[in-house]
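# A look at the structure
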Amino acid sequence: MISRTTASECYVYITLPGETEFVTVGKFELTTNRQGNPAGKFVYGRSYLARDNAVPIDPIELKLSTKTYETNILKGVFGALRDASPDYWGRRVIEKYKGQTQLGEIDYLLYSPDDRAGALGFGLNQEPPAPSRKFNQTMELERLQELADLIITDEDLPEGPEAEQAQKLMVGGTSMGGARPKAIIEDESGLWIAKLRHPEDKWNDARVEHAMLMLARECGLQVAESKVVTIGERDAVLVKRFDREKTTAGYRRGRMLSALTLLRSDENYQAREKWSYVLLVEELRRISSQPRTDAPELFRRMCFNALISNTDDHPRNHAVVAMNTDWKLSPAYDLTPSTPVSAERRDLALDCGDWGRYAHAENLLSQSARFLLEQDEAKIIIDEMEQSVRSKWYDIARREGVTEKDCEKIASAFAYPGFRLEIPARL
Ligand SMILES: Nc1ncnc2c1ncn2[C@@H]1O[C@H](COP(=O)(O)OP(=O)(O)OP(=O)(O)O)[C@@H](O)[C@H]1O
Ligand SMILES: [Mg+2]
(Lines give C-alpha, C1' and ligand atoms only; values in the text may rest on other atoms or scores of the structure.)
(Ligands and ions follow the chains in the order given, each with its own letter.)
Protein backbone atom coordinates (compact mmCIF):
# COMPACT_ATOMS: atom_id res chain seq x y z
CA MET A 1 0.00 0.00 0.00
CA ILE A 2 1.32 3.45 -0.84
CA SER A 3 1.47 5.56 2.24
CA ARG A 4 1.13 9.27 1.65
CA THR A 5 2.66 11.83 3.91
CA THR A 6 0.13 14.19 5.30
CA ALA A 7 0.72 17.40 7.21
CA SER A 8 0.92 16.86 10.95
CA GLU A 9 0.91 20.44 12.13
CA CYS A 10 -0.27 23.85 11.03
CA TYR A 11 -0.63 27.40 12.20
CA VAL A 12 -4.03 28.71 13.18
CA TYR A 13 -5.01 32.28 12.27
CA ILE A 14 -7.92 34.44 13.36
CA THR A 15 -9.62 37.63 12.25
CA LEU A 16 -10.04 39.50 15.52
CA PRO A 17 -13.32 41.30 16.35
CA GLY A 18 -13.68 44.42 14.24
CA GLU A 19 -10.70 43.51 12.01
CA THR A 20 -10.60 42.20 8.46
CA GLU A 21 -7.16 40.58 8.34
CA PHE A 22 -5.74 37.47 9.94
CA VAL A 23 -3.28 37.38 12.82
CA THR A 24 -1.58 34.19 13.99
CA VAL A 25 -3.23 32.60 17.03
CA GLY A 26 -1.15 29.50 17.66
CA LYS A 27 -0.17 26.09 16.48
CA PHE A 28 -2.11 22.85 16.08
CA GLU A 29 -0.38 19.49 15.97
CA LEU A 30 -1.91 16.11 15.25
CA THR A 31 -0.11 13.03 16.48
CA THR A 32 -0.93 9.48 17.53
CA ASN A 33 -0.99 8.51 21.19
CA ARG A 34 0.38 5.27 22.70
CA GLN A 35 -2.91 3.46 22.08
CA GLY A 36 -2.60 4.36 18.40
CA ASN A 37 -5.46 6.90 18.56
CA PRO A 38 -5.27 10.38 17.07
CA ALA A 39 -4.25 13.02 19.59
CA GLY A 40 -4.44 16.74 18.93
CA LYS A 41 -2.41 19.45 20.62
CA PHE A 42 -3.00 23.16 20.49
CA VAL A 43 -0.97 25.97 21.96
CA TYR A 44 -1.58 29.73 21.79
CA GLY A 45 1.39 31.78 20.56
CA ARG A 46 2.99 34.07 23.14
CA SER A 47 2.68 37.12 20.91
CA TYR A 48 -1.04 36.38 20.49
CA LEU A 49 -1.54 36.07 24.24
CA ALA A 50 0.25 39.39 24.67
CA ARG A 51 -2.35 41.25 22.55
CA ASP A 52 -4.87 43.16 24.60
CA ASN A 53 -7.61 42.33 22.07
CA ALA A 54 -6.88 38.57 22.00
CA VAL A 55 -9.99 36.37 22.14
CA PRO A 56 -10.10 32.61 22.76
CA ILE A 57 -10.97 30.42 19.79
CA ASP A 58 -13.21 28.44 22.15
CA PRO A 59 -13.96 30.17 25.48
CA ILE A 60 -14.74 26.88 27.23
CA GLU A 61 -12.28 24.29 25.93
CA LEU A 62 -9.44 26.55 24.77
CA LYS A 63 -9.29 29.48 27.18
CA LEU A 64 -6.48 31.98 26.66
CA SER A 65 -3.53 30.32 28.42
CA THR A 66 0.07 29.30 27.87
CA LYS A 67 -0.71 25.63 28.47
CA THR A 68 -0.65 22.94 25.79
CA TYR A 69 -4.19 21.66 25.25
CA GLU A 70 -4.78 18.06 24.22
CA THR A 71 -7.78 16.17 22.86
CA ASN A 72 -8.62 12.65 21.73
CA ILE A 73 -12.18 13.12 20.51
CA LEU A 74 -13.18 14.16 16.97
CA LYS A 75 -10.10 12.39 15.53
CA GLY A 76 -7.88 14.65 17.62
CA VAL A 77 -9.23 17.84 16.05
CA PHE A 78 -10.51 20.30 18.67
CA GLY A 79 -14.17 21.10 18.07
CA ALA A 80 -13.40 24.75 17.32
CA LEU A 81 -11.06 23.65 14.52
CA ARG A 82 -13.33 20.85 13.31
CA ASP A 83 -16.11 23.40 12.92
CA ALA A 84 -13.87 25.26 10.46
CA SER A 85 -13.12 22.11 8.50
CA PRO A 86 -14.99 20.78 5.47
CA ASP A 87 -17.65 18.11 5.91
CA TYR A 88 -18.93 15.42 3.58
CA TRP A 89 -19.47 17.68 0.56
CA GLY A 90 -16.30 19.76 0.91
CA ARG A 91 -14.17 16.68 1.48
CA ARG A 92 -15.61 15.08 -1.60
CA VAL A 93 -14.73 18.09 -3.77
CA ILE A 94 -11.21 18.31 -2.37
CA GLU A 95 -10.61 14.58 -2.87
CA LYS A 96 -11.88 14.81 -6.43
CA TYR A 97 -9.59 17.71 -7.31
CA LYS A 98 -6.59 16.27 -5.50
CA GLY A 99 -7.22 12.78 -6.92
CA GLN A 100 -6.65 11.39 -3.41
CA THR A 101 -8.97 9.89 -0.85
CA GLN A 102 -6.64 9.25 2.08
CA LEU A 103 -6.14 12.82 3.20
CA GLY A 104 -5.31 13.70 6.81
CA GLU A 105 -7.47 15.99 8.93
CA ILE A 106 -4.90 18.79 8.67
CA ASP A 107 -4.82 18.42 4.88
CA TYR A 108 -8.55 19.09 4.75
CA LEU A 109 -7.99 22.23 6.81
CA LEU A 110 -5.16 23.37 4.56
CA TYR A 111 -6.73 22.55 1.19
CA SER A 112 -10.01 24.26 1.85
CA PRO A 113 -10.12 27.96 1.09
CA ASP A 114 -10.44 30.83 3.40
CA ASP A 115 -14.23 31.26 3.11
CA ARG A 116 -14.81 28.67 5.84
CA ALA A 117 -17.39 29.11 8.61
CA GLY A 118 -16.19 31.26 11.51
CA ALA A 119 -13.16 33.49 12.01
CA LEU A 120 -10.31 30.98 11.75
CA GLY A 121 -7.81 30.21 9.01
CA PHE A 122 -5.01 27.66 8.66
CA GLY A 123 -1.64 27.53 6.96
CA LEU A 124 1.90 26.25 7.06
CA ASN A 125 3.54 29.64 7.46
CA GLN A 126 3.79 31.43 10.74
CA GLU A 127 2.80 34.61 8.90
CA PRO A 128 -0.86 34.52 7.87
CA PRO A 129 -1.83 35.06 4.22
CA ALA A 130 -3.59 38.20 3.07
CA PRO A 131 -7.41 37.81 3.07
CA SER A 132 -8.91 36.44 -0.08
CA ARG A 133 -10.96 39.00 -1.93
CA LYS A 134 -12.11 36.83 -4.78
CA PHE A 135 -15.44 35.11 -4.36
CA ASN A 136 -17.74 33.45 -6.83
CA GLN A 137 -20.40 35.75 -8.20
CA THR A 138 -24.08 34.94 -8.66
CA MET A 139 -23.65 34.73 -12.44
CA GLU A 140 -21.27 31.81 -11.95
CA LEU A 141 -23.93 29.68 -10.28
CA GLU A 142 -24.88 27.82 -13.44
CA ARG A 143 -21.32 26.66 -13.96
CA LEU A 144 -21.08 25.74 -10.28
CA GLN A 145 -24.20 23.62 -10.51
CA GLU A 146 -22.77 21.84 -13.60
CA LEU A 147 -19.53 21.11 -11.77
CA ALA A 148 -21.39 19.92 -8.67
CA ASP A 149 -23.37 17.53 -10.89
CA LEU A 150 -20.11 16.06 -12.23
CA ILE A 151 -18.78 15.56 -8.71
CA ILE A 152 -22.01 13.94 -7.50
CA THR A 153 -22.03 11.45 -10.37
CA ASP A 154 -18.25 11.00 -10.07
CA GLU A 155 -17.60 11.98 -13.66
CA ASP A 156 -14.38 13.41 -15.03
CA LEU A 157 -13.83 17.08 -14.36
CA PRO A 158 -12.91 19.49 -17.16
CA GLU A 159 -9.38 19.30 -18.48
CA GLY A 160 -7.21 21.75 -20.36
CA PRO A 161 -7.61 25.51 -20.10
CA GLU A 162 -10.98 25.21 -18.38
CA ALA A 163 -9.66 23.03 -15.57
CA GLU A 164 -8.07 25.74 -13.49
CA GLN A 165 -11.08 27.99 -13.65
CA ALA A 166 -13.37 25.09 -12.75
CA GLN A 167 -11.22 24.17 -9.77
CA LYS A 168 -11.20 27.74 -8.53
CA LEU A 169 -14.95 27.92 -8.81
CA MET A 170 -15.74 24.66 -7.14
CA VAL A 171 -13.16 24.59 -4.37
CA GLY A 172 -14.53 27.92 -3.10
CA GLY A 173 -17.19 26.89 -0.59
CA THR A 174 -15.76 23.50 0.24
CA SER A 175 -14.75 24.67 3.67
CA MET A 176 -18.37 25.15 4.72
CA GLY A 177 -19.74 22.11 6.51
CA GLY A 178 -22.72 20.00 5.56
CA ALA A 179 -23.48 17.23 3.12
CA ARG A 180 -25.36 19.05 0.36
CA PRO A 181 -23.55 20.48 -2.65
CA LYS A 182 -22.89 24.14 -1.99
CA ALA A 183 -20.80 27.14 -2.94
CA ILE A 184 -20.12 30.60 -1.55
CA ILE A 185 -21.44 33.48 -3.60
CA GLU A 186 -20.82 37.18 -3.24
CA ASP A 187 -23.11 40.03 -4.15
CA GLU A 188 -23.12 43.70 -3.25
CA SER A 189 -24.64 42.98 0.18
CA GLY A 190 -22.16 40.30 1.25
CA LEU A 191 -21.67 36.55 1.21
CA TRP A 192 -24.28 33.84 0.74
CA ILE A 193 -24.19 30.06 0.92
CA ALA A 194 -25.71 28.71 -2.27
CA LYS A 195 -27.18 25.26 -1.66
CA LEU A 196 -27.31 23.54 -5.00
CA ARG A 197 -29.61 20.85 -6.31
CA HIS A 198 -28.90 17.18 -5.74
CA PRO A 199 -30.38 14.64 -8.21
CA GLU A 200 -31.74 12.55 -5.32
CA ASP A 201 -33.85 15.40 -3.93
CA LYS A 202 -37.37 14.15 -3.36
CA TRP A 203 -38.87 17.58 -3.91
CA ASN A 204 -37.63 21.04 -4.86
CA ASP A 205 -35.34 21.31 -1.84
CA ALA A 206 -34.32 24.89 -2.54
CA ARG A 207 -37.88 26.21 -2.46
CA VAL A 208 -38.89 23.98 0.44
CA GLU A 209 -35.87 25.01 2.55
CA HIS A 210 -36.52 28.68 1.83
CA ALA A 211 -40.20 28.22 2.71
CA MET A 212 -39.25 26.54 6.01
CA LEU A 213 -36.98 29.45 6.91
CA MET A 214 -39.88 31.81 6.13
CA LEU A 215 -42.30 29.71 8.17
CA ALA A 216 -39.86 29.68 11.08
CA ARG A 217 -39.62 33.46 10.89
CA GLU A 218 -43.40 33.76 10.94
CA CYS A 219 -43.44 31.45 13.97
CA GLY A 220 -41.28 34.02 15.77
CA LEU A 221 -37.83 32.42 15.39
CA GLN A 222 -34.61 34.30 14.63
CA VAL A 223 -33.73 33.04 11.17
CA ALA A 224 -30.95 33.45 8.60
CA GLU A 225 -32.00 35.55 5.59
CA SER A 226 -32.61 33.52 2.44
CA LYS A 227 -33.80 33.73 -1.16
CA VAL A 228 -34.26 31.43 -4.12
CA VAL A 229 -32.44 31.97 -7.40
CA THR A 230 -33.22 30.10 -10.56
CA ILE A 231 -30.30 28.76 -12.54
CA GLY A 232 -31.39 27.60 -15.98
CA GLU A 233 -34.38 25.48 -15.06
CA ARG A 234 -33.26 24.66 -11.54
CA ASP A 235 -33.51 26.48 -8.26
CA ALA A 236 -30.90 27.03 -5.57
CA VAL A 237 -31.47 28.52 -2.14
CA LEU A 238 -29.12 31.29 -1.06
CA VAL A 239 -28.66 31.74 2.69
CA LYS A 240 -26.97 34.93 3.86
CA ARG A 241 -23.90 34.26 5.97
CA PHE A 242 -24.37 35.46 9.53
CA ASP A 243 -20.65 35.03 10.34
CA ARG A 244 -19.51 37.67 7.85
CA GLU A 245 -20.06 41.41 7.67
CA LYS A 246 -19.06 43.34 4.59
CA THR A 247 -17.18 46.59 5.25
CA THR A 248 -15.26 48.88 2.94
CA ALA A 249 -12.02 47.43 4.33
CA GLY A 250 -13.06 43.82 3.67
CA TYR A 251 -14.99 41.19 5.59
CA ARG A 252 -15.34 41.11 9.35
CA ARG A 253 -15.71 37.57 10.62
CA GLY A 254 -17.54 36.13 13.57
CA ARG A 255 -16.18 33.19 15.54
CA MET A 256 -18.48 30.21 15.33
CA LEU A 257 -18.87 27.02 17.36
CA SER A 258 -21.28 24.24 16.55
CA ALA A 259 -23.48 22.55 19.14
CA LEU A 260 -21.38 19.43 18.53
CA THR A 261 -18.44 21.35 19.96
CA LEU A 262 -20.45 22.87 22.81
CA LEU A 263 -21.63 19.39 23.79
CA ARG A 264 -18.03 18.08 23.62
CA SER A 265 -19.49 15.27 21.60
CA ASP A 266 -18.54 13.37 18.50
CA GLU A 267 -20.41 12.09 15.48
CA ASN A 268 -20.03 8.38 16.21
CA TYR A 269 -22.81 6.31 17.67
CA GLN A 270 -21.56 6.08 21.28
CA ALA A 271 -21.08 9.84 21.50
CA ARG A 272 -24.72 10.37 20.62
CA GLU A 273 -25.66 9.98 24.27
CA LYS A 274 -24.65 13.60 24.60
CA TRP A 275 -26.82 14.75 21.73
CA SER A 276 -29.43 16.59 23.74
CA TYR A 277 -31.23 19.93 23.64
CA VAL A 278 -31.41 19.76 27.42
CA LEU A 279 -27.63 19.47 27.74
CA LEU A 280 -27.19 21.98 24.95
CA VAL A 281 -29.25 24.64 26.66
CA GLU A 282 -27.07 24.26 29.76
CA GLU A 283 -23.99 24.90 27.61
CA LEU A 284 -25.72 27.74 25.82
CA ARG A 285 -26.58 29.42 29.12
CA ARG A 286 -22.92 29.16 30.08
CA ILE A 287 -21.47 30.66 26.89
CA SER A 288 -24.19 33.10 25.80
CA SER A 289 -24.07 36.78 26.72
CA GLN A 290 -27.89 36.80 26.60
CA PRO A 291 -29.08 33.51 28.12
CA ARG A 292 -32.57 34.88 28.88
CA THR A 293 -33.07 35.44 25.13
CA ASP A 294 -31.14 32.49 23.75
CA ALA A 295 -32.41 29.69 26.01
CA PRO A 296 -36.11 30.30 25.15
CA GLU A 297 -35.09 30.76 21.50
CA LEU A 298 -33.51 27.30 21.50
CA PHE A 299 -36.72 25.97 23.03
CA ARG A 300 -38.74 27.51 20.17
CA ARG A 301 -36.38 25.93 17.60
CA MET A 302 -36.73 22.54 19.20
CA CYS A 303 -40.54 22.90 19.09
CA PHE A 304 -40.43 24.10 15.50
CA ASN A 305 -38.26 21.15 14.45
CA ALA A 306 -40.68 18.76 16.14
CA LEU A 307 -43.60 20.40 14.35
CA ILE A 308 -42.08 20.25 10.85
CA SER A 309 -40.55 16.77 11.45
CA ASN A 310 -37.06 18.18 10.97
CA THR A 311 -35.35 15.02 12.12
CA ASP A 312 -32.04 16.20 10.63
CA ASP A 313 -31.60 18.74 13.45
CA HIS A 314 -28.20 17.25 14.39
CA PRO A 315 -25.70 19.25 16.49
CA ARG A 316 -23.91 20.78 13.50
CA ASN A 317 -27.20 22.37 12.56
CA HIS A 318 -27.08 24.58 15.66
CA ALA A 319 -24.32 27.05 16.44
CA VAL A 320 -23.23 29.99 18.52
CA VAL A 321 -21.54 32.96 16.92
CA ALA A 322 -19.49 35.89 18.24
CA MET A 323 -19.29 38.81 15.80
CA ASN A 324 -17.62 40.80 18.56
CA THR A 325 -16.54 39.54 21.96
CA ASP A 326 -19.99 38.28 23.01
CA TRP A 327 -21.33 34.85 22.08
CA LYS A 328 -24.94 34.41 21.00
CA LEU A 329 -27.08 31.65 19.54
CA SER A 330 -26.79 31.94 15.75
CA PRO A 331 -29.86 32.52 13.60
CA ALA A 332 -31.62 29.27 12.63
CA TYR A 333 -30.49 27.57 9.39
CA ASP A 334 -30.82 24.23 7.57
CA LEU A 335 -34.48 23.64 8.42
CA THR A 336 -35.83 20.75 6.39
CA PRO A 337 -39.07 18.78 6.77
CA SER A 338 -39.11 15.00 6.56
CA THR A 339 -41.95 12.60 5.99
CA PRO A 340 -41.30 9.35 7.88
CA VAL A 341 -43.88 6.61 7.44
CA SER A 342 -44.76 6.59 11.13
CA ALA A 343 -47.47 9.07 12.04
CA GLU A 344 -47.22 7.97 15.69
CA ARG A 345 -43.68 8.54 16.72
CA ARG A 346 -40.98 10.68 15.20
CA ASP A 347 -37.64 11.31 16.84
CA LEU A 348 -35.53 14.43 16.63
CA ALA A 349 -31.76 13.98 16.36
CA LEU A 350 -31.28 15.30 19.92
CA ASP A 351 -32.98 14.37 23.18
CA CYS A 352 -35.62 16.94 23.98
CA GLY A 353 -36.98 15.89 27.37
CA ASP A 354 -37.86 13.06 29.75
CA TRP A 355 -38.98 10.82 26.88
CA GLY A 356 -35.75 11.04 24.91
CA ARG A 357 -35.87 12.22 21.32
CA TYR A 358 -39.64 11.82 20.90
CA ALA A 359 -41.05 14.82 19.02
CA HIS A 360 -44.01 15.18 21.36
CA ALA A 361 -45.63 18.14 23.11
CA GLU A 362 -45.37 16.61 26.63
CA ASN A 363 -41.75 15.68 26.06
CA LEU A 364 -40.85 19.20 24.92
CA LEU A 365 -42.58 20.61 27.97
CA SER A 366 -40.91 18.24 30.43
CA GLN A 367 -37.61 20.15 30.76
CA SER A 368 -38.80 23.65 29.87
CA ALA A 369 -37.42 25.13 33.10
CA ARG A 370 -33.90 24.51 31.82
CA PHE A 371 -34.78 26.76 28.88
CA LEU A 372 -35.62 29.47 31.44
CA LEU A 373 -39.33 29.16 30.80
CA GLU A 374 -42.22 28.73 33.24
CA GLN A 375 -44.43 25.73 32.47
CA ASP A 376 -47.34 27.90 31.36
CA GLU A 377 -45.12 30.08 29.13
CA ALA A 378 -43.66 26.96 27.51
CA LYS A 379 -47.10 25.49 27.03
CA ILE A 380 -48.28 28.66 25.26
CA ILE A 381 -45.22 28.59 22.97
CA ILE A 382 -45.93 24.98 22.00
CA ASP A 383 -49.65 25.54 21.46
CA GLU A 384 -49.16 28.71 19.44
CA MET A 385 -46.38 27.23 17.35
CA GLU A 386 -48.45 24.16 16.59
CA GLN A 387 -51.32 26.40 15.54
CA SER A 388 -49.06 28.58 13.36
CA VAL A 389 -47.30 25.67 11.66
CA ARG A 390 -50.60 23.93 10.98
CA SER A 391 -52.34 27.00 9.59
CA LYS A 392 -49.44 28.65 7.74
CA TRP A 393 -47.15 26.06 6.21
CA TYR A 394 -49.17 25.52 3.06
CA ASP A 395 -49.80 29.18 2.22
CA ILE A 396 -46.16 30.09 2.82
CA ALA A 397 -44.91 27.16 0.76
CA ARG A 398 -47.18 28.10 -2.15
CA ARG A 399 -46.29 31.77 -1.82
CA GLU A 400 -42.58 30.87 -2.06
CA GLY A 401 -43.13 28.81 -5.19
CA VAL A 402 -43.38 25.25 -3.84
CA THR A 403 -45.61 23.41 -6.33
CA GLU A 404 -48.93 21.84 -5.40
CA LYS A 405 -47.37 18.44 -6.07
CA ASP A 406 -44.44 19.11 -3.73
CA CYS A 407 -46.85 20.41 -1.07
CA GLU A 408 -48.64 17.07 -1.24
CA LYS A 409 -45.30 15.32 -0.78
CA ILE A 410 -44.33 17.30 2.31
CA ALA A 411 -47.80 17.67 3.88
CA SER A 412 -47.39 14.82 6.37
CA ALA A 413 -44.35 16.54 7.92
CA PHE A 414 -46.41 19.23 9.66
CA ALA A 415 -47.95 18.89 13.12
CA TYR A 416 -47.98 15.10 12.73
CA PRO A 417 -50.57 13.16 14.81
CA GLY A 418 -47.96 11.63 17.18
CA PHE A 419 -47.13 15.12 18.53
CA ARG A 420 -50.26 14.95 20.71
CA LEU A 421 -50.76 11.21 21.23
CA GLU A 422 -51.14 10.05 24.78
CA ILE A 423 -47.67 9.00 25.89
CA PRO A 424 -47.52 5.48 27.28
CA ALA A 425 -46.19 5.38 30.87
CA ARG A 426 -42.99 3.77 29.65
CA LEU A 427 -41.50 4.13 26.18
N1 LIG B 1 -26.23 31.40 7.11
C2 LIG B 1 -25.10 30.84 7.53
N3 LIG B 1 -24.05 31.61 7.92
C4 LIG B 1 -22.91 31.04 8.35
N5 LIG B 1 -22.70 29.72 8.41
C6 LIG B 1 -23.69 28.91 8.04
C7 LIG B 1 -24.95 29.41 7.59
N8 LIG B 1 -25.74 28.37 7.27
C9 LIG B 1 -25.02 27.26 7.49
N10 LIG B 1 -23.79 27.58 7.97
C11 LIG B 1 -22.69 26.65 8.29
O12 LIG B 1 -22.51 25.81 7.15
C13 LIG B 1 -22.74 24.46 7.48
C14 LIG B 1 -23.48 23.78 6.33
O15 LIG B 1 -24.71 24.43 6.10
P16 LIG B 1 -26.07 23.59 6.08
O17 LIG B 1 -26.23 22.92 7.40
O18 LIG B 1 -27.15 24.51 5.64
O19 LIG B 1 -25.73 22.53 4.94
P20 LIG B 1 -26.25 21.06 4.63
O21 LIG B 1 -25.34 20.51 3.62
O22 LIG B 1 -27.72 21.11 4.33
O23 LIG B 1 -26.05 20.31 6.01
P24 LIG B 1 -26.46 18.81 6.42
O25 LIG B 1 -25.27 17.99 6.24
O26 LIG B 1 -26.84 19.04 7.86
O27 LIG B 1 -27.65 18.43 5.58
C28 LIG B 1 -23.50 24.49 8.80
O29 LIG B 1 -23.26 23.33 9.57
C30 LIG B 1 -22.98 25.75 9.46
O31 LIG B 1 -21.75 25.50 10.10
MG1 LIG C 1 -26.53 21.12 8.03
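In short, a report on the structure. (Residues numbered from 1 in each chain as written. Chains lettered and ligands numbered in written order. Predicted model: local features only at pLDDT ≥ 70, side-chain atom pairs only at ≥ 80, totals over all residues. Heavy atoms only, no water.)

The helix and strand inventory of the protein chain stands at 13 helices and 15 strands. Here the C-alpha atoms of the protein chain give a radius of gyration of 22 Å, agreeing with the 22 Å that 2.2 N^0.38 yields for 427 residues. For the protein chain, the C-alpha atoms occupy an extent of roughly 60 × 50 × 50 Å along the three principal directions. Per-residue burial for the protein chain yields a buried fraction of 55% across its 427 residues. Partitioning the contacts of the protein chain with sequence separation of at least 6, the portion at a separation of at least 24 is 67%. Total accessible area on the protein chain stands at roughly 19,600 Å², and carbon and sulfur atoms take up 47% of it. (Helix = DSSP H or I, 4+ residues; strand = E, 2+ residues; numbered from the N terminus. Rg over C-alpha atoms; globule rule 2.2 N^0.38 Å. Buried < 20%, exposed > 50% of the residue type's maximum accessible area, 1.4 Å probe, protein only. Contact = heavy atoms within 4.5 Å. Areas by Shrake-Rupley, 256 points an atom, 1.4 Å probe, with all protein chains shown as cover.)

Turning our eyes to something else, we now look at the coordination of the magnesium ion (ligand 2). Within the protein, the atoms that donate to the magnesium ion (ligand 2) are Asn 317 (OD1) and Asp 334 (OD), at distances of 2.1 to 2.2 Å. Remark: Asp 334 occurs in the loop between strand S15 (328-329) and helix H11 (361-366) and Asn 317 occurs in the loop between helix H10 (291-307) and strand S14 (319-322); sequence separation between them is 17 residues. Under the relative-accessibility criterion, Asn 317 is labelled buried at 9%. For Asp 334, a relative accessible area of 17% corresponds to the buried category. (Donors = N, O, S within 2.8 Å, 3.2 Å for Na, K, Ca; no water.)

With 14 residues, helix H7 (residues 205-218) should reach 20 Å at 1.5 Å per residue; the first-to-last C-alpha distance of 20 Å fits that figure. In terms of burial, H7 is a largely internal element, twelve of the 14 residues being buried. Among the residues of H7, those classed as buried are Asp 205, Ala 206, Arg 207, Val 208, Glu 209, His 210, Ala 211, Met 212, Leu 213, Met 214, Leu 215 and Ala 216. The secondary structure elements touched by the buried residues of H7 are strand S8 (190-195), strand S9 (226-231), strand S10 (234-240), H10, helix H12 (375-399) and helix H13 (404-410). Downstream of H7 by one or two residues, Gly 220 has phi in the positive range, about 90°. (Expected span 1.5 Å × (residues − 1).)

Our focus in this paragraph is the sheet that holds S15. With antiparallel pairing, three strands are arranged side by side in an open sheet as S13-S14-S15. At either margin of the open sheet sits one strand with a lone partner, and together these are strand S13 (255-258) and S15. Note: S13 against S14, four bridges, orientation antiparallel. By the bridge assignment, Arg 255 is partnered in S14 with Ala 322. (Pairing = 2+ DSSP bridges.)

For soluble globular proteins, the rule of thumb is that nonpolar side chains tend to be buried together. Residues Leu 215, Phe 299, Phe 304, Met 385 and Phe 414 are the most contacted members of the largest nonpolar core, which totals 71 residues. Beyond its immediate chain neighbours, meaning those up to four positions away, Phe 304 contacts Met 212, Leu 215, Ala 216, Cys 219, Leu 221, Leu 335, Met 385 and Val 389. Among the nonpolar cores identified, the runner-up in size contains 25 residues, and Ile 14, Val 25, Val 55 and Leu 81 belong to it. (Core = buried A, V, L, I, M, F, W, Y, C linked by side-chain atoms within 4.5 Å.)

As a further point, take the sheet that holds strand S3 (residues 38-44). Strand order in this open sheet of five strands is S4-S3-S2-S1-S5, and the pairing throughout is antiparallel. Every interior strand has two partners, whereas the edge strands, strand S4 (69-71) and strand S5 (120-123), have only one. Across the sheet, the mean angle separating the axes of adjacent strands is 30° when strand polarity is ignored. Both strand S1 (residues 9-15) and strand S2 (residues 22-32) contribute to a ladder of seven bridges, which runs antiparallel. (Axes fitted to C-alpha atoms, helices over the stretch in contact; angles between N-to-C directions.)

By definition, a disulfide links the sulfur atoms of two cysteine residues through a covalent bond. This structure, assessed with the given rule, holds zero disulfides. With no disulfide of its own, Cys 407 has Cys 219 as its nearest cysteine by sulfur position, at a separation of 16 Å. The exposure class assigned to Cys 407 is buried, which follows from its relative accessible area of 1%. (Disulfide = S-S within 2.5 Å.)

Attention shifts here to the packing of helix H9 (residues 277-287) against H10. Closest axis-to-axis distance for the H9/H10 pair is 9 Å, and the angle between their directions is 160°. Viewed along their axes, H9 and H10 adopt a mutual orientation that is roughly antiparallel. In this structure, H9 crosses over H10, and the sense of that crossing is right-handed. Facing H9, whose interface residues are Tyr 277, Leu 280, Val 281, Leu 284 and Arg 285, H10 presents Pro 291, Asp 294, Ala 295, Leu 298, Met 302 and Asn 305. The residue makeup of the contact of H9 with H10, split by class, is eight nonpolar, one polar and two charged. (Parallel < 35°, antiparallel > 145°, perpendicular 65-115°, else oblique. Left-handed = near helix turned anticlockwise from the far one by under 90°. Nonpolar A, V, L, I, M, F, W, Y, C, P; charged D, E, K, R; others polar.)

This next bit is on the packing of H7 against H12. Viewed as axis vectors pointing N to C, H7 and H12 meet at an angle of 140°, and their least axial separation amounts to 9 Å. With respect to H12, the element H7 is oriented oblique. Between H7 and H12 the crossing geometry is right-handed. Across the interface between the two elements, Ala 211, Met 214, Leu 215 and Glu 218 from H7 touch Ser 388, Val 389, Lys 392, Trp 393, Ile 396, Ala 397 and Arg 399 from H12. Of the residues in the contact of H7 with H12, the class split is seven nonpolar, one polar and three charged.

The environment of ligand 1 is formed by 20 residues, the closest being Ala 179, Arg 180, Lys 182, Lys 195 and His 314. In the environment of ligand 1, an oxygen atom lies 2.7 Å from a nitrogen or oxygen atom belonging to the side chain of His 314. Protein contact buries 92% of the 620 Å² of open area that ligand 1 shows by itself. Looking at side-chain class alone, the shell around ligand 1 contains seven nonpolar, four polar and nine charged residues. (Near = heavy atom within 4 Å. Polar contact = N/O pair within 3.5 Å; in protein donor to acceptor, adjacent residues only side chain to side chain.)

Without other data, these values stay purely geometric and don't point to any function.
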